[in-house]
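# Structure assessment
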Protein chains: 2
Amino acid sequence: MSSYHLSESKSIAMMKFLALCFFVISLINIPIAEARIRHYKWELKYEYKSPDCYKKLVITINGRTPGPTILAQQNDTVIVEVKNSLLTANTAIHWHGIRQIGTPWFDGTEGVTQCPILPGDTFVYKFVVDRPGTYLYHAHYGMQREDGLFGSIRVALPDGESEPFAYNYDRSIILTDWYHKSTFEQAVGLSSIPFQWVMEPQSLLIQGKGRFNCSAANPPMKADVCNNTNPECSLYSTTVVPGKTYRLRISSLTALSALSFQIEGHNMTVVEADGHYVEPFVVKNLFIYSGETYSVLVYTDQDPARNYWITTNVVSRNATTPPGLAVLNYYPNHPRRSPPTIPPSGPMWNDMDSRFNQSVAIRARKGHVYSPPASSDRVIVLLNTQNRVNGKTRWSVNNVSYDIPHTPYLIALKENLLHTFSQTPPPEGYDFANYDIKAVQNNTNATASDAIYRLQLNSTVDIVLQNANTMNPNNSETHPWHLHGHDFWVLGYGEGKFDPINDPKKYNLVDPIMKNTVPVHPFGWTAFRFKADNPGVWAFHCHIESHFFMGMGVAFEEGIERVGKLPSSIMGCGETKHLLKP
Amino acid sequence: MSSYHLSESKSIAMMKFLALCFFVISLINIPIAEARIRHYKWELKYEYKSPDCYKKLVITINGRTPGPTILAQQNDTVIVEVKNSLLTANTAIHWHGIRQIGTPWFDGTEGVTQCPILPGDTFVYKFVVDRPGTYLYHAHYGMQREDGLFGSIRVALPDGESEPFAYNYDRSIILTDWYHKSTFEQAVGLSSIPFQWVMEPQSLLIQGKGRFNCSAANPPMKADVCNNTNPECSLYSTTVVPGKTYRLRISSLTALSALSFQIEGHNMTVVEADGHYVEPFVVKNLFIYSGETYSVLVYTDQDPARNYWITTNVVSRNATTPPGLAVLNYYPNHPRRSPPTIPPSGPMWNDMDSRFNQSVAIRARKGHVYSPPASSDRVIVLLNTQNRVNGKTRWSVNNVSYDIPHTPYLIALKENLLHTFSQTPPPEGYDFANYDIKAVQNNTNATASDAIYRLQLNSTVDIVLQNANTMNPNNSETHPWHLHGHDFWVLGYGEGKFDPINDPKKYNLVDPIMKNTVPVHPFGWTAFRFKADNPGVWAFHCHIESHFFMGMGVAFEEGIERVGKLPSSIMGCGETKHLLKP
């Protein structure tokens, strides 16, 4: 923890003081208290901030974006009191990667598990973090995540237990992309006829810091709007000492961009993905998709007389967004001292093979393999397509674009308000025989629906994500799909159209990694398996903010009859008002 | 009605067609149907619009701002189904001037009479318009009114009854001022430490149209952001024929500005104010404050070979906002043809005497005088001051700045949730003997509270608004105060400090006008009387959007025990969730 603070030092004086603390504390073996409740009080506000030197309204938690890191130990109970001071806007916060076993109502997904939190209200989330690892939290309402409402959750092992890998220090770094338009403006454009695309992000941020080139803005911007000397947008710098091993917990919460992450002159050993131990492998570039978390080990074995660039760049899209930069600061160099090199460029945006290979390389660590069930009870194939529905551009699965309801499913199902959403089950697949995934389809049969998949409790479900061409020729995008309430076993990735006879024979049932977010690569497919063993209703969606907003998601129900009494705090919207006392 | 549509004609072809319709329809005496229900279905959305040529997000009703005019007859029931499609933002709509007798829960005042309407929800307002006259509707949540969510309500007399004045045609014109920043940005500035003032508005709009000088913008704006050739910002033009009398219903819903309104070359005879008949008087400049409505009669007796300027300009503040322009189009001139003159300038901003004199001149029309009770049961003096509370700049009455609660009073009082707001009564007055209203006071004893005034049902209450110096030397602002749920008798205006012994002796008890909105002039006082005869909870506040947001308001309760069963639709926020079934 001391080293974590170090990374935020802002001046030489502070740096020297903290470096001193750091050495002193590192000599003392402080026992971690057996605290079982981690209590946080947060106030959410709109504030002017300049994360990339451009001043705009962001959503802060206690004045900050990214918000405070939640630090807990396995089996702790986390309580977060969220006070909404967002003027006229509601909110909801999702605890990404936390399965919410026994507390499906605190998953924080507006429309699925709760009504939104109204301005002036304080909502109390309370859940158990039952597994160690690297998780996230973020807004799950409209496109608010992009306003900066996110942060890290780090769950440590219980006292006396240790990870299957060694490291000296632990850091969390969230990667995001950043738009200058408000999310209201973006959302209006995305739902307009004609469609107004959000375009590529203006910046990439590393732990909430980036650098937009104010002087290149056209038309020019005044200095009170964009100012590259504003200390608020000084690059993120993390201080290290030579000869130590650092665990870097790298997460992505990009709105749109798939990223590569690299540290000049340093290899990274991947050891964790989405809270699960990975059979270690070494990379120079870590590919990471929105919603994923990784831990990498970095050994500080380079020339300590200088600093090194940390960079991230967009892959999978031929984007205009410049790379994001940060500084790996070798103590005692000044943390703001630029490395003497030009920031190294990352991999080519269209190097699909490298990305595909990394996906395949991620396996469960030996000795930490949780074996999947040998077979599944149900297979759902989800064709990912772009469509036009009632004149609007939408994303769909199996030609059905998803509409988020405003009476949350969890309440509707538990309180028998079934009229609040479509009871026509969504399709289990698409026209496999005739659909050409490599061609532009007119998809004129596309519709929108808020129907959900209802799963047998404790059944085993296989999901096959099938990618396809968008509405543009020779174009297929990478979609990172995130499942709430569960981890799943990643059984395989493939190129082209999934073969339901032969491809399952190649599934990895030996050492599949468990994850909660997985990409489906352009024109490819991804298959995974999960146990529907968590009573509740759970979103499953593309983690690209605009894609989910445009309908790229579904929801799964399982064991609703086993869900306990719902807290009244999640109610208040839509038909739940009919539950008021007469 | 036909002439109303005419005023929106956009092209010569349309103009000619409508002019034809106009002549045809004016020859036919169409009987107005005795419709008792006026049913409207509205969808509220954020959309990009360019009301003054600058493109920004506004709130539209069915695609328009100003929204549709509600046309009804006395004693009709108006039903408005409001669908909130504002993404992540709530809303609430107030029916300004409608007393809501028997339906206090449909006054539309968030925090006072209802919970906000959530995105995805449809809220049904249903109320009786029990008096003829000119009224308004607008958002009453945060600062949303300034986003363009407003419109006119015009209530006609029943069939067979006629006004005490004659006119040929009837038009509604709403005056507003317009900011380029979003209301989120404005609100964040206003609640920041240090305080960031919203500044003067960029434009004045006449019936939703204005003209910002794009080419003078600094830094320059791209044409897709600001474009003076955009037809969306062509000036408002209203077509008239010579030799006719036009009833113009002029309303102000400015965010900040007090206005003067004038029509080049034409006198205006004031005949109605806030739904009450005025003893006619003639003006060249009509002073109008936010929340007020007036009807003026204009006789089209000028040279019909040309058009005439309609102008509005800021008074009471030495503002930078340029005058607003529109065109009085004498048929058959082209409605967009500029008058051959330079738009005449209005009165000087600091001509206080003229404004004061107009206030005093407004009396009830002979034969239409409703006599006030001869005396009151209670006098509440409300000192208007600017204060600093906990480091924030606030507006206050009696040194108490108003916090809007988020469990609406109406529900809290009816359902016995008294812990949701302060039960310490707010002060009935200020330190009359010692307070110097002409000096900057440090007001260090200022506090904030959500307490309300509880009035005896059917008692008679006098309110004395006492103006004072702001936190700037030699500065006192004009505040238009609006009372919900009632009209009041305007008893008098004065300069300086109200004398509680002698000034009441000068009250006008003979022919006071009834109003719902009244200004208190700089360094002056305004006294009015009302009967607390409408069971419910009613806001009373400065109608300047930023002033109310900064605490310039109070609330009155009367006869809560007589309020009928509350509809569940107004619930869902704050402590009202505790009313859910177990």
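What counts, and where the lines are drawn
Residues numbered from 1 in each chain as written. Chains lettered and ligands numbered in written order. Predicted model: local features only at pLDDT ≥ 70, side-chain atom pairs only at ≥ 80, totals over all residues. Heavy atoms only, no water. UniProt positions renumbered as here; feature names shortened; annotations may be inferred. Least-squares fit on C-alpha atoms with pLDDT ≥ 70 in both. Contact = heavy atoms within 4.5 Å. Core = buried A, V, L, I, M, F, W, Y, C linked by side-chain atoms within 4.5 Å. Buried < 20%, exposed > 50% of the residue type's maximum accessible area, 1.4 Å probe, protein only. Phe/Tyr/Trp six-rings, centres within 6.5 Å; stacked < 30°, edge-to-face > 60°. Helix = DSSP H or I, 4+ residues; strand = E, 2+ residues; numbered from the N terminus. Arc of directions from axis to C-beta. Salt bridge = Lys/Arg side-chain N within 4 Å of Asp/Glu carboxyl O. Pairing = 2+ DSSP bridges. Axes fitted to C-alpha atoms, helices over the stretch in contact; angles between N-to-C directions. Disulfide = S-S within 2.5 Å. Buried area = accessible area lost by both parts, 1.4 Å probe. Polar contact = N/O pair within 3.5 Å; in protein donor to acceptor, adjacent residues only side chain to side chain. Domains from an automatic or database assignment.

An unreviewed UniProt entry lists chain A under the name L-ascorbate oxidase, with Salix brachista as the source organism. Entered under Sequence similarities (unreviewed entry) in the UniProt record, the comment concerning chain A runs "Belongs to the multicopper oxidase family."

## As for the relation of the copies chain B and chain A
The transformation that overlays chain B on chain A combines an axial shift of 0.0 Å with a rotation of 180°, and the residual RMSD is 0.0 Å. The superposition of one copy onto the other is thereby described by a two-fold rotation axis. When you check the interface residues of chain B against chain A, 100% turn up at the interface there too, and the contact is symmetric in its surfaces.

## Concerning the nonpolar core
Membership of the largest hydrophobic core comes to 118 residues, with the highest contact counts inside it found for W42, W95 and Y125 of chain A together with W42, W95 and Y125 of chain B. Not counting chain neighbours up to four residues away, the residues in contact with W95 of chain A comprise W42, I70, V80, Q100, F106, D107, Y125, F127, L136, Y137 and I153 of chain A.

## Section: the packing of aromatic side chains
Residues and elements named next belong to chain A. One pass over the structure, following the stated rule, counts 57 aromatic pairs over all chains. Each ring, one from W42 and one from Y137, has its centre 4.7 Å from the other, and the planes form 40°; the classification is tilted. A residue pair is termed long-range when its members are at least 10 positions apart, and W42 in strand 1 (residues 37-49) and Y137 in strand 7 (residues 133-139) qualify at 95 residues. For W42, a relative accessible area of 3% corresponds to the buried category.

## Comments concerning helix 4 (residues 352-361) of chain B
Within an α-helix, residues lying three or four positions from one another point in the same direction, as the helix has 3.6 residues per turn. Residue and element names in this part refer to chain B. Within helix 4 the residues assigned to the buried category are M352, R355, F356, Q358 and S359. The buried residues of helix 4 occupy an angular sector of 160° when projected down its axis, which confines them to one face. In this fold, the buried residues of helix 4 make contact with strand 15 (276-283), strand 16 (286-288), strand 17 (293-299), strand 18 (308-315), strand 27 (488-495) and strand 29 (517-520).

## Some thoughts on the environment of Y289 of chain A
Residues and elements named next belong to chain A. Structurally, Y289 can be placed in the loop between strand 16 (286-288) and strand 17 (293-299). Using a relative accessible area of 2% as the deciding quantity, one classes Y289 as buried. Put simply, Y289 and L259 are 30 residues apart on the chain and 6.4 Å apart in space, counted from C-alpha to C-alpha. For Y289, the residues in contact, after removing those within four places along its chain, are S252, A258, R355, T478, P480, P519 and H521.

## Remarks on the pattern of salt bridges
Residues and elements named next belong to chain A. Overall, the coordinates contain 44 salt bridges over all chains when judged by the stated rule. For D76, the salt bridge is made with R38, and the minimal N-O distance between the two is 2.7 Å. Within this pair, whereas D76 is found in strand 4 (residues 76-85), its partner R38 is found in strand 1, the two being separated by 38 residues in sequence. Side by side, D76 and R38 carry an identical accessibility label, which is buried. What emerges from the salt-bridge pattern is a single network uniting R99, D130, R131 and D487.

## So, the sheet that holds strand 4 of chain A
Ordered by their spatial adjacency, four strands build an open sheet running 2-1-4-6 (chain A), and the pairing between neighbours is mixed. Every other strand in the sheet has two partners, leaving strand 2 (56-61) and strand 6 (122-129) of chain A as the edge strands with one partner each. Taken over all neighbouring pairs, the strand axes of this sheet differ in orientation by 20° on average, direction set aside. Here helix 3 (residues 183-190) of chain B sits on the sheet and contacts strand 1 and strand 2 of chain A; the angle it forms with strand 1 of chain A, its principal contact strand, is near 110°.

## With respect to unusual backbone geometry
A cis amide bond links N218 of chain A with the next residue in sequence, P219 of chain A, at an omega value of 0°. Within the secondary structure, P219 of chain A is located in the loop between strand 10 (203-206) and strand 11 (237-240). One non-glycine residue, N62 of chain A, adopts positive backbone phi at about 50°. Inspection of the secondary structure assignment puts N62 of chain A in the loop between strand 2 and strand 3 (70-73). If you check the backbone angles, N399 of chain B has positive phi at about 65° while not being a glycine. Within the fold, N399 of chain B resides in the loop between strand 21 (392-397) and strand 22 (400-402).

## Notes on the state of the cysteines
Residue and element names in this part refer to chain A. The tally for this structure, following the rule as stated, stands at six disulfides over all chains. C53 shares a disulfide with C233; S-S distance 2.0 Å. One quick way to see it: the torsion about the S-S bond of C53 and C233 is about 100°, and its sign makes the bridge right-handed. Here C233 lies in the loop between strand 10 and strand 11 and C53 lies in the loop between strand 1 and strand 2, a separation of 180 residues in the sequence. Here C53 and C233 have matching classes, each one buried. Regarding the disulfides, chain A carries the connectivity 1-5, 2-6, 3-4 under sequence-order numbering of its bonded cysteines.

## Points about the interface of chain B and chain A
Contact with chain B, which involves 43 residues of that partner, is made by 43 residues of chain A. Across the chain B/chain A interface, buried area totals approximately 3900 Å², and carbon plus sulfur atoms make up 64% of it. The largest share of the area that chain B buries against chain A comes from T88, F184 and L580 of chain B, three residues that together contribute 18% of it. Put simply, chain B and chain A have zero salt bridges between them.

## Regarding the side chain of T526 of chain B
Residue and element names in this part refer to chain B. With respect to the helices and strands, T526 occurs in strand 30 (residues 524-531). Assessed through its relative accessible area of 0%, T526 is described here as buried. Looking at T526, its side chain comes within polar contact range of the main-chain oxygen of P519, at 2.8 Å. Once residues within four sequence positions are removed from consideration, T526 is found in contact with I463, V464, L465, G492, Y493, V518, P519, V520 and H521.

## Digging into the pairing of strand 8 (residues 150-156) of chain A
Residue and element names in this part refer to chain A. Of all the seven residues making up strand 8, six are buried; the element is thus mostly covered by neighbouring parts of the structure. Here strand 3 runs beside strand 8; their pairing, made up of four bridges, is parallel. Within the sheet, the bridge partner assigned to A72 lies in strand 8 and is V155.

## Description of the UniProt feature "domain: Plastocyanin-like" (unreviewed entry) in chain A
Residues and elements named next belong to chain A. The UniProt entry lists residues 45-156, 172-332 and 436-559 under the feature "domain: Plastocyanin-like" (unreviewed entry), expressed in the numbering used here. Across residues 45-156, the secondary structure splits into 0% helix and 46% strand, with the terminal C-alpha atoms separated by 30 Å. Annotation note: span residues 172-332, helix share 5%, strand share 42%, distance between end C-alpha atoms 21 Å.

## Quick notes on the sheet that holds strand 7 of chain A
Residues and elements named next belong to chain A. Pairing within the open sheet is mixed, and its four strands lie in the order 3-8-7-5. At either end of the open sheet lies a strand with only one pairing partner, and these are strand 3 and strand 5 (93-96). Taking each pair of neighbouring strands and ignoring which way they run, the sheet shows an average axis angle of 20°.

## With respect to the domain arrangement of chain A
All names here are of chain A. Domain annotation of chain A identifies domain 1 (36-153), domain 2 (163-367) and domain 3 (378-579). Taking the mean C-alpha position of each, domain 2 and domain 3 sit 28 Å from one another. Every contact between the two is made by 29 residues of domain 2 and, on the other side, 29 residues of domain 3. For the domain 2 face of the interface with domain 3, the top three residues by lost area are D274, H276 and F356, together amounting to 20%. The tally of links between domain 2 and domain 3 comes to four salt bridges. For the salt bridge of R363 with D511, the shortest nitrogen-to-oxygen distance reads 3.2 Å. Of all elements in the fold, only helix 3 (183-190), strand 15 (276-283) and helix 4 (352-361) reach the threshold of two or more residues within the side of domain 2 that touches domain 3. Per-element tally for the side of domain 2 that touches domain 3: the top contributor is helix 4, with five residues.

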